[in-house]
Structure formats: C-alpha cells, structure tokens
Amino acid sequence: MRMFRPPSIPSSEITSETTWLRRRELLAQGAGLAALVTLPGCFAGQESHAATEPSTLRALEGVTPAPRRFRTEEAQTPFEDASTYNNFYEMGTDKGDPVRNAHRLRPEPWSVVVEGEVGKPGRIGLEDLLAPHALEERIYRLRCVEAWSMVIPWVGIPLGAVLARFEPTSRAKFVAFETLVDPEQLPGQKRQILDWPYREGLRMDEAMHPLAILAVGMYGRVLPNQNGAPLRLVVPWKYGFKSIKSIVRIRLQAERPETSWSQSAPREYGFFANVNPEVSHPRWSQARERRIGEWRKRPTLMLNGYAEQVGHLYKGMDPKKLY
Ligand code: MTE
C-alpha cells in the first residue's frame, strides 16, 4: 500500500503532486487493500471498515511536513494497527468496537460551536475552521494511560492559532471540549458508561502551546471515523484520553472544566494527565509501556519525551497532587 511519507525536502520544494486530492485517490486504493491485510492475532476475524472520507476536505491542498521539533524519527505504527485498536467509548468499550461501528458516524457536514470567553463566538463549519491554516504533518508519540503507545503521523492545525481567531478575552483561563452526542451515530452512548458528552479540557497556556493540534487526518489520509473524525485534539505530552475525538463544542472559560475521566474516577485520572513514569496510576505503574507491534516493553519518557518543550508549563507543580 502506498502511503504518504513526510518528504525530507523543504516544503517550498514540494510539488503540487502531493496534494490532498491525490492522496485521497491513493487512500481509495489503499482502503481496499486495508481490508485484505492480515491483522495481528487479537484482531483476526474483525471486519476492517475503511475510513469514510468527508468531501468537506476535498478542496484541501498539500500538507506541509512540520519542523523537526514536531516529528519523532521513531518507527511509525502501521496504519492498520492505529485504525483498528482504538479507545472511543461512544462506539463501544472493546478496542475493536470503534472500527466495527465507525460506519455509523457521519462526519459531514460538521460544525463546531466556539463560545464563552471569546470576542467572536459562533458556530463555524469545518471547512471555514480549517481554511486560514496550512495543514501540517506532526509525527507524535501517543501514550495511552493503559500503558501502550503508538507513533502516529497526524495531519492537523495548531490549536492555539485556531483559538486566537475567536479572540479569547483576558478571563479565558481554560478551554473545554465536547464530543458529539447522538446515540444513533455513536451507539455506545445508549449506555451510561460515561456521563455523555465526553468532555476534556486544557489550561489556556497548554492549549496555546505549539505542540497541541486539532487533527483532521493521519498517515496522509482523512481521519478515520474510529480515530475521531472529522476533528480531534492531539496533545502528545498527555495521556491519550486527553485527545478528545469528534469535537463539536469548544468553550473558553475562567474556571477549570469538568472532564469525563476525572469525573468518573477522580483518584485514577486527573485533569492534567501529563505522562509521567514516576507517578503511578493507583492500580499500575506508568514506568514502562508497550509500543503496539513490539513485545519488549520500553521505558516511558517524562512528558512522553516532550519535557524540553513543555516542562516549563508545570514548574513548581507537584505532579503527585496535580496529576
Ligand atoms: N474521545 C472520545 N470522544 N471518546 C473516547 O472514548 N478515548 C480517548 C481518546 N479520545 C476517547 C476519546 C483515549 S482513552 C485514547 S487512548 C485516545 O482517544 C485513543 O485515540 P486513537 O483511537 O486514535 O488511538
């Protein structure tokens, strides 16, 4: 299967061939192939639902490879694993449920409400949300709180630049995010596993950090539904549950927002959820992780390897208290 790889040439030299449209054609070919590949043991026998591709994104031009500080050189997790082993409780609690139920989600048309402490609140269509921004490829580690990890080439835009367009007021100290609520599209919502909608939040300085992105694609493809189409957060120095999927609402506010996992199990999941090998989860150690596709566990890195970039945000904070 041909997949988009970040070219090692400057973006100015990338020809118009590497356009989104072309990659969509490749995806159409690749999607068929994806259904044929042999999946690792635990996924055997599962149907592989290909990504649905919202035509909203059809007009998008080429993707700029991000500067080095936004890319790990580690081996990328195969697309087949990253799109079939998922946490998306609105589509079921089993890791294979999201890909099975993904076809129910309609990522188009899609709009997002931006409200609260902003000068310019409103509902904005996905295309208009993306329009002023260059799409970038960011290759990040994703470390899940369950002690597995992946390396994923995301396609997205910096969250901070998007928020700035809505003109945050001086009272905006936190950002709250919400996922779509629609039990027909997200059948897991028929059960009260969490208090829907799925909610997440960031402190304003975290949200404005250039590492935090809103993703609309991965592996040069439009984001598969099971990975949070059409718009999800990616905050690579935090445990994966902070990376909320299928976002429909963004609220800037003065108070710290309630978040789904810290509401449902406050002793186990904190608001900050910074990856920290020295702070154990109450039921297991966070010192090591299993990279999907590898057997030997590897040490977990402080702030998932992004300590140099974001460590200053947490200076003076006790990670055992503010976990
Ligand atoms: N977002 C929503 N709306 N619902 C969820 O259940 N799970 C989170 C996060 N975002 C989740 C969510 C968790 S626990 C993880 S590890 C990541 O999504 C997984 O993202 P991935 O499936 O793309 O690997």
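Before reading further, recall that the structure is shown in the block above.
**Q** What is the right way to read the site of the ligand from this model?
**A** Around the ligand, a shell composed of 16 residues is seen, among which Asn86, Tyr89, Glu90, Arg232 and Lys245 lie nearest. In this structure, Tyr89 approaches the ligand through a main-chain N or O atom, which is 2.7 Å from an oxygen atom. In this structure, an oxygen atom belonging to the ligand sits 2.5 Å away from a side-chain N or O atom of Arg232. When the free accessible area of the ligand is taken as 530 Å², the share hidden by the protein chains comes to 98%. Counted by class, the shell around the ligand contains seven nonpolar, six polar and three charged residues.

**Q** Got a minute to help me understand the packing of aromatic side chains in this structure?
**A** Under the counting rule described, the total for this entry stands at nine aromatic pairs. With a centroid separation of 5.4 Å and an interplanar angle of 80 degrees, the aromatic rings of Phe79 and Tyr219 are classed as edge-to-face. One end of the pair, Phe79, is in helix H2 (residues 79–82); the other, Tyr219, is in the loop between strand S8 (213–218) and strand S9 (221–222), with 140 residues separating them in the sequence. Classification of Phe79 by relative accessible area gives buried; the value is 6%. Here Phe241 and Tyr269 contribute two aromatic rings whose centre-to-centre distance is 5.5 Å and whose plane-to-plane angle is 75 degrees, an arrangement assigned as edge-to-face. On the criterion of sequence distance, the pair formed by Phe241 in the loop between strand S10 (232–234) and strand S11 (247–253) and Tyr269 in the loop between helix H7 (260–264) and strand S12 (288–291) is long-range, its members being 28 residues apart.

**Q** What's the story with the pairing of strand S2 (residues 111–116) in this structure? I'm lost.
**A** The side chains of a regular strand alternate between the sheet's two faces. Alignment of S2 against strand S3 (residues 122–125), held across four bridges, turns out to be antiparallel. The partner of Val114 across the bridge, within S3, is Gly122. In this sheet, S11 lies alongside S2 in parallel orientation, the contact comprising four bridges. Directly across from Glu115, in S11, lies its bridge partner Arg251.

**Q** Got a minute to help me understand the environment of Leu313 in this structure?
**A** Mapped onto the fold, Leu313 is located in the segment after helix H8 (307–310). Judged by relative accessible area, Leu313 falls into the buried class, the value being 12%. The sequence separation of Leu313 and His209 amounts to 104 residues, and the corresponding C-alpha distance is 9.3 Å. Excluding anything up to four places from it in sequence, Leu313 contacts Arg203, Asp205, Glu206, His209 and Trp237.

**Q** It is not clear to me how the sheet that holds S11 should be interpreted in this structure. Could you clarify?
**A** Note on sheets: strands pair through backbone hydrogen bonds, and any given pair is parallel or antiparallel. Strands sit in the order S3-S2-S11-S6-S7 across an open sheet of five strands; the sheet is mixed. Where the open sheet ends on each side, the last strands, each with one partner, are S3 and strand S7 (199–203). Neighbour to neighbour, the strand axes of the sheet diverge by 20 degrees on average, direction disregarded. Sheet topology places strand S6 (residues 174–179) next to S7; five bridges connect them, and they run antiparallel. Residue pairing across strands places Val175 opposite Leu202, the latter belonging to S7.

**Q** It is not clear to me how the nonpolar core should be interpreted in this structure. Could you clarify?
**A** Across soluble globular proteins, nonpolar side chains show a tendency to be buried alongside one another. Counting 81 residues, the largest nonpolar core has Trp154, Leu159, Phe177, Leu233, Trp237, Ile250 and Leu252 as its most contacted members. The leading source of residues in this core is strand S5 (residues 148–158), at six residues.

**Q** Whenever I open this one, the pairing of S5 confuses me. Can you help?
**A** The element S5 is largely enclosed, with a buried count of ten among its eleven residues. Relative to S5, strand S4 (residues 136–143) runs antiparallel, the two being bridged by eight bridges. Paired with Glu137 across the two strands is Val155, which belongs to S5. What sits between the antiparallel neighbours S4 and S5 is a turn of four residues, in which Ala147 has the positive phi angle 75 degrees. Bridge count for S5 against S12 is two bridges, and the pairing is parallel. Among the inter-strand pairings, Ser149 is bridged to a residue of S12, identified as Arg291. As paired elements, S5 and S8 share five bridges and run antiparallel to each other. Its bridge partner lying in S8, Pro158 is registered against Ile213.

Conventions we followed
- Residues numbered from 1 in each chain as written.
- Predicted model: local features only at pLDDT ≥ 70, side-chain atom pairs only at ≥ 80, totals over all residues.
- Heavy atoms only, no water.
- Near = heavy atom within 4 Å.
- Polar contact = N/O pair within 3.5 Å; in protein donor to acceptor, adjacent residues only side chain to side chain.
- Areas by Shrake-Rupley, 256 points an atom, 1.4 Å probe, with all protein chains shown as cover.
- Nonpolar A, V, L, I, M, F, W, Y, C, P; charged D, E, K, R; others polar.
- Phe/Tyr/Trp six-rings, centres within 6.5 Å; stacked < 30°, edge-to-face > 60°.
- Helix = DSSP H or I, 4+ residues; strand = E, 2+ residues; numbered from the N terminus.
- Buried < 20%, exposed > 50% of the residue type's maximum accessible area, 1.4 Å probe, protein only.
- Pairing = 2+ DSSP bridges.
- Contact = heavy atoms within 4.5 Å.
- Axes fitted to C-alpha atoms, helices over the stretch in contact; angles between N-to-C directions.
- Core = buried A, V, L, I, M, F, W, Y, C linked by side-chain atoms within 4.5 Å.

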